[in-house]
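Okay, here's what each chain looks like letter by letter:
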Amino acid sequence: MGDFLYRTKGDKVIWAIVIFLSLVSLLAVYSATGSLAYREQGGHTEYYLLKQLTVLVLGLLIIYFAHRVNYTIYSRVAQIGFMISIPLLIYTLAFGSNINDASRWIRLPIINLTFQTSDVAKLAIFMYVSRQLSKRQQVITDFRKGFLPIIIPVGIICVLIMPANMSTALLLGASCMLLCFIGRVPVKYLAAMVAAGLALVLLMFLIAKVSGMEMRTKTWSNRIEHFFSKDDAELPYQVQQANIAIAGGGLLGKGPGNSTQRNFLPHAYSDYIYATIIEEYGIFGAFLILMAYLLLLLRCIRIYRRCPYAFGAFLALGLSVTLVIQALTNMAVNVGVFPVTGVTLPMVSMGGSSVIFTSLAIGIILSVARNVEEMEGKKAEQERIAKAMEQQEVGSRT
């Protein structure tokens, strides 16, 4: 155990945030799924708690082993991951498991588990964009040589994700645009891509309407219409129940395990877990979780500024940006300031593949942090030795 802790490197604050969010996840998932487990698992109320505990422990192990790998290796993995993601997403659209009228999951035949291929694609594309940005800094202002090789892969991944999960595709595109902006891509190129993205969304709506395949586009348009509606009676059921949960939470909440809306709120353990947390822990508890994600972003900005190599800097910042944007989007949906999406709260919502790939992303961030610490440690040691030798030389002269 001592050797394990000794070999655990990287930013200690990020490690603390991961542990904090994991503990919050266990408390919130157990509270939100107790009655569900009692009904569906024959009275075994701890079923989903134990399942989430297993996933989180696996996630922590993934973080540990990922952070022990030199982050430069992920530069080579990025291209392979991107190439694998394309056929995976195509297969998902054609043959994926259909849940809520959307094919987002692939079912693994032997172990009978499902995972979202978009989680693989998100991680792969951020590593790929970070690699391309670091390699093309000298020609980044050149549209053909610098910008197109970066944005075309992003467009391919977003287009393949969009039919089943528009919210994820839009958030992924926005996160990549932000990373490109940080990577000195000219604003005029990014503005052109935003315009092209909006045109693509409109085109997909038209194609779906003409072809008669309006199921998902109708869902998207209904969510937007309900969001801007001034009539509370027209609000989706889950939004109404989330509002009731938040109103009942107050400043300090009802206390752990005392949520009443968990029995009425759809997906109280995943998409709407933040509303459950507010009901039980109040505005104070919600604020702590918000601060945890913002602190994660600040620590990654610190890594970005300290890392001497472009790939590591872009990688740490890019992965943290997408995690924090996802978290902020989930919170915004829960409190009613953003239209309904299927985005979960990273490291808190109950899940399998989402927790695993989020853990891998955090492990990669910590790998960059560990490498930065080691380089700074070597530099400090060299300076100390040089200073000692200088003092020894001065002493011998006197």
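Residues numbered from 1 in each chain as written. Predicted model: local features only at pLDDT ≥ 70, side-chain atom pairs only at ≥ 80, totals over all residues. Heavy atoms only, no water.

Engineer: Go over the pattern of salt bridges with me, naming the residues and quoting the values.
Structural biologist: What the rule picks out here adds up to five salt bridges. For Glu374, the salt bridge is made with Arg370, and the minimal N-O distance between the two is 2.8 Å. With Glu374 and Arg370 both in helix 13 (residues 353-397) and four residues apart, this pair spans about one turn of that helix. Classification of Glu374 as partly exposed rests on a relative accessible area of 36%. (Salt bridge = Lys/Arg side-chain N within 4 Å of Asp/Glu carboxyl O. Helix = DSSP H or I, 4+ residues; strand = E, 2+ residues; numbered from the N terminus. Buried < 20%, exposed > 50% of the residue type's maximum accessible area, 1.4 Å probe, protein only.)

Engineer: Could you give me a rundown of helix 7 (residues 166-182), with the residues and numbers involved?
Structural biologist: Since one α-helical turn is 3.6 residues long, residues separated by three or four positions face the same way. Over its 17 residues, helix 7 extends 24 Å from the first C-alpha to the last, a length consistent with the 24 Å expected when each residue adds 1.5 Å. With twelve of 17 residues buried, helix 7 is to be regarded as a mostly interior element. Those residues of helix 7 that sit buried are Met166, Ser167, Thr168, Ala169, Leu171, Leu172, Gly173, Ser175, Cys176, Met177, Leu179 and Cys180. At the exit of helix 7 stands Arg184, carrying a positive phi of roughly 75°. (Expected span 1.5 Å × (residues − 1).)

Engineer: An account of the packing of helix 2 (residues 12-40) against helix 3 (residues 47-68) is requested, with residue identities and associated values reported.
Structural biologist: It is at 7 Å that the axes of helix 2 and helix 3 come closest, and there the two elements cross at 155°. Here helix 2 is positioned roughly antiparallel relative to helix 3, judged by the angle of their axes. Considering the relative orientation of helix 2 and helix 3, their crossing is right-handed. Contact with helix 2, carried on its side by Trp15, Val18, Ile19, Ser22, Ser25, Leu26, Val29, Tyr30, Thr33, Leu36, Ala37 and Glu40, involves Tyr47, Tyr48, Leu49, Gln52, Leu53, Leu56, Leu60, Ile63, Tyr64 and His67 of helix 3 and no other residues of that element. (Axes fitted to C-alpha atoms, helices over the stretch in contact; angles between N-to-C directions. Parallel < 35°, antiparallel > 145°, perpendicular 65-115°, else oblique. Left-handed = near helix turned anticlockwise from the far one by under 90°. Contact = heavy atoms within 4.5 Å.)

Engineer: Requested: an account of the UniProt feature "transmembrane region" (unreviewed entry) in the protein chain, with residues and values cited.
Structural biologist: In the numbering used here, UniProt assigns the "transmembrane region" (unreviewed entry) feature to residues 13-36, 48-67, 73-96, 150-182, 189-208, 272-297, 309-328 and 348-369. Within residues 272-297, the helical portion is 96% and the strand portion 0%, while the C-alpha atoms at the span's ends are 23 Å from each other. (UniProt positions renumbered as here; feature names shortened; annotations may be inferred.)

Engineer: Could you give me a rundown of the side chain of Ser175, with the residues and numbers involved?
Structural biologist: Tracing the backbone through its elements, the reader meets Ser175 in helix 7. Ser175 gets classed as buried once you look at its relative accessible area, which sits at 1%.

Engineer: Tell me about the packing of aromatic side chains, residues and numbers included.
Structural biologist: Inspection of the entire model under this criterion finds eight aromatic pairs. A ring pair is formed by Tyr71 and Phe311, whose centres lie 6.1 Å apart and whose planes are at 20°; its orientation type is stacked. In this pair, Tyr71 is assigned in the loop between helix 3 and helix 4 (73-95) and Phe311 in helix 12 (residues 310-334), connecting sequence segments 240 residues apart. Neither residue differs from the other here; Tyr71 and Phe311 are each classed as buried. (Phe/Tyr/Trp six-rings, centres within 6.5 Å; stacked < 30°, edge-to-face > 60°.)

Engineer: Please provide a residue-by-residue account of the packing of helix 5 (residues 117-135) against helix 7, values included.
Structural biologist: Following both chains from N to C, one finds helix 5 and helix 7 inclined at 15°, their axes separated by 11 Å at the closest point. With respect to helix 7, the axis of helix 5 lies roughly parallel. Both helix 5 and helix 7 take part in a crossing whose hand is right-handed. On helix 7, the residues touching Ser118, Lys122, Ile125, Phe126, Val129, Ser130 and Leu133 of helix 5 are Thr168, Leu172, Ser175, Cys176, Leu179 and Cys180. Along the lines of polarity and charge, the residues of the contact of helix 5 with helix 7 split into eight nonpolar, four polar and one charged. (Nonpolar A, V, L, I, M, F, W, Y, C, P; charged D, E, K, R; others polar.)

Engineer: Break down the layout of surface pockets for me, citing the residues and quoting the values.
Structural biologist: Within this model, the second largest pocket holds a volume of roughly 550 Å³. Considering the residues around the second largest pocket, the lining is formed by 19 residues, among which Gly173, Met193, Val194, Gly197 and Leu198 are closest to the centre. The set of elements that each furnish at least two residues to the lining of the second largest pocket consists of helix 6 (143-161), helix 7 and helix 8 (187-211). At seven residues, helix 8 tops the list of elements feeding residues into the lining of the second largest pocket. Across the lining of the second largest pocket, the residue classes tally to 16 nonpolar, three polar and no charged. (1 Å grid on protein atoms, 1.4 Å probe; cavity = no way out; pocket = protein on both sides within 12 Å on 5 of 7 lines; lining within 4 Å. Points joined across faces, edges and corners; volume = space filled by probe spheres on them.)

Engineer: Outline the nonpolar core, listing residues and values.
Structural biologist: Core analysis: the largest hydrophobic core is formed by 89 residues, its most contacted members being Ile14, Ile125, Val129 and Ile157. Those residues within four positions of Ile14 in sequence are excluded, and the remaining contacts are Leu296, Arg299, Cys300, Ile303, Ile362, Ile365 and Leu366. Counting ten residues, the second largest nonpolar core, distinct from the first, contains Ala32, Val239, Ala242 and Ala275. (Core = buried A, V, L, I, M, F, W, Y, C linked by side-chain atoms within 4.5 Å.)

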